[in-house]
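# An overview of the molecular structure
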Amino acid sequence: MTVYMEELDAFTYSEKIRAGAPVLIPAGSIEQHGRHMPLHVDTILSRRIAGETAREVGAVVSAPITYGYKSQQRSGGGNHLPGTTSLDGEVVTTIAKSLVNEFARHGATNICFINGHFENYQFLYEGADLALRELKSAGVEDLRIMLLSYWDFVDDATIDRLYPDGFAGWDLEHGGVLETSLMLHLFPEQVDMTKVDDGPPAILPNYDILPVRPELTPASGCLSSGADATAEKGKLLLQHASARMSAAITNEFGL
Ligand SMILES: [Zn+2]
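Each chain has its residues counted from 1, following the order in which its sequence is written. In keeping with the model being predicted, local features are shown solely for residues with a pLDDT of at least 70 and side-chain atom pairs are shown and tallied solely at 80 or more, while totals for entire chains, interfaces and linings include all residues. Excluding hydrogens and water, the side-chain figures rest on all heavy atoms present in the structure.

### A look at the environment of Val91
Secondary structure counts use DSSP, requiring at least four H or I residues in a row for a helix and at least two E residues in a row for a strand, with both numbered from the N terminus. Within the secondary structure layout, Val91 lies in helix α4 (residues 89–106). On a C-alpha basis, the gap between Val91 and Gly127 in space is 9.5 Å, while along the polypeptide they are 36 residues apart.

This is the structure:
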């Protein structure tokens, strides 16, 4: 049976929630990912990784948060780039808060945000915190909310295997080996490796400047090259990250 909420009928969904299934909320973005990948990479990857994890822990995956917080130059190329379509921070916060309230209303007591877009994190955190405060004052005491970004569950040994020439950091991974490999494994028909821009990693200052100086972002929109990406690396990444995410969720929620 599917783990994706929107593919279930309402009665089956309710039974799962009442039986104690955690709800995993994927959070993505509509953001340029170079010439070789589509705009919804963060959304479809967080949804599929959540799906993989949900099967291991008996969770339900909610319909994804499709849009995300504004792309930033030092982690996503910047919000000035064509195609990138983002929400203001307060909107992301409100969406996160509303969803926690909704799933709590359905009877969920364990909720976990599975983030796939670097810039979303603090706004999801704020929404979760506000919802928890509201629900607490309404007498709801048994709700637990977890937040994670899936790349934080890739261990050092896997990083060494994936990046034999050295790892530049997750912020520069935008459109690089991690996302391209996962896409090649899960959605190969949506990747065109002939269009990968194999340039050196972006060199960005250690501060932000507004309005952005567009010339700081590489012309490809990617902050590192995806040329070394393979479907095998994607498979390895998915297995390692989802196994470690499942372990953390199982442990934290006492499943
Ligand atoms: Zn991305």
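### A closer look at the pairing of strand β4 (residues 144–149)
On a regular strand, each side chain points to the face opposite its neighbour's, so the side chains alternate between the two faces of the sheet. Two strands are said to pair when DSSP picks up at least two bridges between them. As paired strands, strand β3 (residues 110–115) and β4 are joined by six bridges and run parallel to one another. Across the sheet, the residue bridging to Asn110 is Arg144, located in β4. Of the crossover connections in this fold, the one passing from β3 over helix α5 (residues 121–137) to the parallel β4 is right-handed. Orient the strands so they point away from the viewer; a crossover is then right-handed if the path from the first strand over the helix to the second runs clockwise.

### Topic: the sheet that holds strand β2 (residues 60–61)
Pairing between the strands of a sheet comes from backbone hydrogen bonds, and it takes one of two forms, parallel or antiparallel. Taken together, the four strands give an open sheet; going across it, the order is β2-β1-β3-β4, and neighbouring strands pair in parallel fashion. Two strands in the sheet have a free side with no partner beyond their single neighbour: β2 and β4. Note that strand β1 (residues 23–27) and β2 share two bridges and pair parallel. By the bridge assignment for β2, Val23 is matched with Val60. Residue contacts are counted whenever heavy atoms from the two residues lie within 4.5 Å of one another. Fitting a line to C-alpha atoms yields each axis, with helices limited to the stretch in contact; the angle taken between N-to-C directions then spans 0 to 180 degrees. In the packing of helix α8 (residues 231–253) onto the sheet, contacts are made with β1, β3 and β4, and the angle to β4 comes to roughly 160°.

### Description of the side chain of Asn120
Within the secondary structure, Asn120 sits in the loop between β3 and α5. When a residue's accessible area, from a 1.4 Å probe over protein chains only, is under 20% of the maximum for its type it is buried; when over 50% it is exposed; and in between it is partly exposed. According to the relative accessible area criterion, Asn120 is buried, its value standing at 2%.

### Overview of α4
Expected span of a helix: the number of residues minus one, times 1.5 Å. Helix length check: α4 (18 residues) gives 26 Å between terminal C-alpha atoms against 26 Å at 1.5 Å per residue, within 8%. Within α4 the residues assigned to the buried category are Gly89, Val92, Thr93, Ala96, Val100, Asn101, Phe103 and Ala104.

### Regarding the packing of aromatic side chains
Aromatic rings considered in pairs are described by the distance between their centres and by the relative angle of their planes. For this analysis, a ring pair means two rings from Phe, Tyr or Trp (six-membered ring only for Trp) whose centres lie within 6.5 Å, classed as stacked if their planes differ by under 30 degrees, edge-to-face if by over 60, and tilted for the remaining angles. Scanning the entire structure with this criterion turns up six aromatic pairs. With a centroid separation of 4.8 Å and 50° between ring planes, the pair formed by Tyr163 and Phe167 is classed as tilted. Using a relative accessible area of 32% as the deciding quantity, one classes Phe167 as partly exposed. Between Phe167 and Trp170 the ring centres are 4.5 Å apart and the planes differ by 70°, which places this aromatic pair in the edge-to-face class. For Trp170, a relative accessible area of 17% translates into the label buried.

### Concerning the pairing of β1
Buried residues dominate β1, accounting for five of its five residues. Handedness of the crossover joining β1 and β2 through helix α2 (residues 41–57): right-handed. Judged from the five bridges that link them, β1 and β3 form a sheet pairing that is parallel. Directly across from Pro26, in β3, lies its bridge partner Ile114.

### Thoughts on a negative patch on the surface
Exposure above 30% relative accessible area and the absence of a salt bridge qualify a residue for a patch, where like charges join within 9 Å and nonpolar side chains (Val, Leu, Ile, Met, Phe, Trp, Tyr) within 5 Å. We get accessible surface area from the Shrake-Rupley algorithm with a probe of 1.4 Å; when it comes to residues, only the shown protein chains can shield them. Salt bridge, as used here: a side-chain nitrogen of Lys or Arg that lies within 4 Å of a carboxyl oxygen of Asp or Glu. Under this rule, positive means Lys or Arg and negative means Asp or Glu; His and the chain ends count for nothing. Every charge is mapped to an atom, namely NZ of Lys, CZ of Arg, CG of Asp or CD of Glu. There is a patch of like negative charges on the surface, built from Asp165, Asp197, Asp198 and Asp228. When you line up the elements, Asp228 lands in the loop between α7 (177–186) and α8.

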